[in-house]
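Chains, contacts and geometry: an overview
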Amino acid sequence: MILYLVRHPQPKIDPGICYGSLDVEAENAQAVAERLRTELPPGLPVWSSPLRRCRDLAERLHPAPVFDARLREMDFGAWEGRPWDAIPRAEIDAWAADVAGYAPPGGESPHALQRRALEFVAGLAVAEAVIVTHAGVIRTLLAHRRGLPPARWSELRFAYGACTVVDFGGGV
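These lines cover the structure that appears in this document, whether it is placed above or below. (Residues numbered from 1 in each chain as written. Predicted model: local features only at pLDDT ≥ 70, side-chain atom pairs only at ≥ 80, totals over all residues. Heavy atoms only, no water.)

1. Considerations on the overall build of the protein chain
When its secondary structure is counted, the protein chain shows five helices and five strands. Taking 16 Å as the expected radius of gyration for a compact globule of 172 residues, we find that the protein chain reaches 16 Å, a close match to that expectation. Here the C-alpha coordinates of the protein chain stretch approximately 50 × 35 × 25 Å along the principal axes. Looking at the protein chain as a whole, 47% of its 172 residues qualify as buried. As displayed, the protein chain has an accessible area near 8,000 Å², and 52% of this comes from carbon and sulfur atoms. The averaged location of the 21 negative side-chain charges in the protein chain is 2 Å from the averaged location of its 19 positive side-chain charges. (Helix = DSSP H or I, 4+ residues; strand = E, 2+ residues; numbered from the N terminus. Rg over C-alpha atoms; globule rule 2.2 N^0.38 Å. Buried < 20%, exposed > 50% of the residue type's maximum accessible area, 1.4 Å probe, protein only. Areas by Shrake-Rupley, 256 points an atom, 1.4 Å probe, with all protein chains shown as cover. Lys, Arg positive; Asp, Glu negative; His and termini not counted. Charge placed at Lys NZ, Arg CZ, Asp CG, Glu CD.)

Encoded structure:
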């Protein structure tokens, strides 16, 4: 199975603000969609995170995209919408000490995000698909596919509006 993992366009949010499951709009969704249409194979089904920054792009790529909550970005819980420098240092240190297993207060861990993303992919019954989602989802799927340990997940970076092609031919 070939997945075209598309990161949403740049969100309309001030720099330095923690956002994951926070529902914010994106900039230039139409321009990003026009560019992606030249890169993506035509006629593929599109699944998307229901968050606006993904939904707006998905609706421009396909007349009837399917929205799935498992494709949402990580829930940062009490950190959502706060400046990163206002988050207690002890909480940031705890996350750094267990980058994949730590869940911010009221939020979820990257491992939990990875489990739901892999569950989504395992349920797909198509040869190829476009998935409009977030950097965290793409990162955890690609890390799983490449067998990367959590300490190396942060090496995987994805530009806004970029497409990463992943072959899940051997299953998830």
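2. A few points about unusual backbone geometry
Despite not being glycine, N28 shows a phi value in the positive range, around 55°. Among the structural elements, N28 can be located in the loop between β1 (2-7) and α1 (29-39).

3. Overview of the nonpolar core
Nonpolar side chains in soluble globular proteins generally cluster together in the buried interior. Judged by nonpolar contacts, the single largest core of 33 residues is most densely connected at L3, L5, W47, W79, F120, I131 and L141. Within the residue set of this core, elements represented by two or more residues are β1, α3 (89-97), α4 (110-122), β4 (128-133) and α5 (135-146). For this core, the element with the highest residue contribution is α5, accounting for six residues. Non-local contacts of W47, meaning those with residues more than four positions away in its chain, are made with V66, L71, F120, L124, V126, A129, V130, I131 and V132. Core analysis: the next-biggest nonpolar cluster, separate from the first, contains 14 residues, A33, L44, C54 and V130 among them. (Core = buried A, V, L, I, M, F, W, Y, C linked by side-chain atoms within 4.5 Å. Contact = heavy atoms within 4.5 Å.)

4. A closer look at α4
Over its 13 residues, α4 runs 18 Å from end to end, which matches the ideal 18 Å to within 8%, given 1.5 Å per residue. Taken together, the buried positions of α4 are P110, A112, L113, Q114, R116, A117, L118, F120 and V121. Where α4 is buried, its residues contact β1, β2 (46-48), α3, β4 and α5. (Expected span 1.5 Å × (residues − 1).)

5. Quick word on the pattern of salt bridges
Tallied over the entire structure, the rule returns eight salt bridges. Close ionic contact of R35 with E39 constitutes a salt bridge, the shortest N to O distance being 2.9 Å. Within this pair, R35 and its partner E39 are both found in helix α1, separated by four residues, close to a single helical turn. The class of R35 is partly exposed, set by a relative accessible area of 33%. Residue E39 is classed as partly exposed on the basis of its relative accessible area, which comes to 44%. (Salt bridge = Lys/Arg side-chain N within 4 Å of Asp/Glu carboxyl O.)

6. Notes on the sheet that holds β1
Pairing within the open sheet is mixed, and its five strands lie in the order β3-β2-β4-β1-β5. Only two strands of the sheet have a single partner each, and these edge strands are β3 (66-67) and β5 (163-167). Packed on one face of the sheet, helix α2 (residues 52-61) meets β1, β2, β3 and β4 and runs near 145° to β4. (Pairing = 2+ DSSP bridges. Axes fitted to C-alpha atoms, helices over the stretch in contact; angles between N-to-C directions.)

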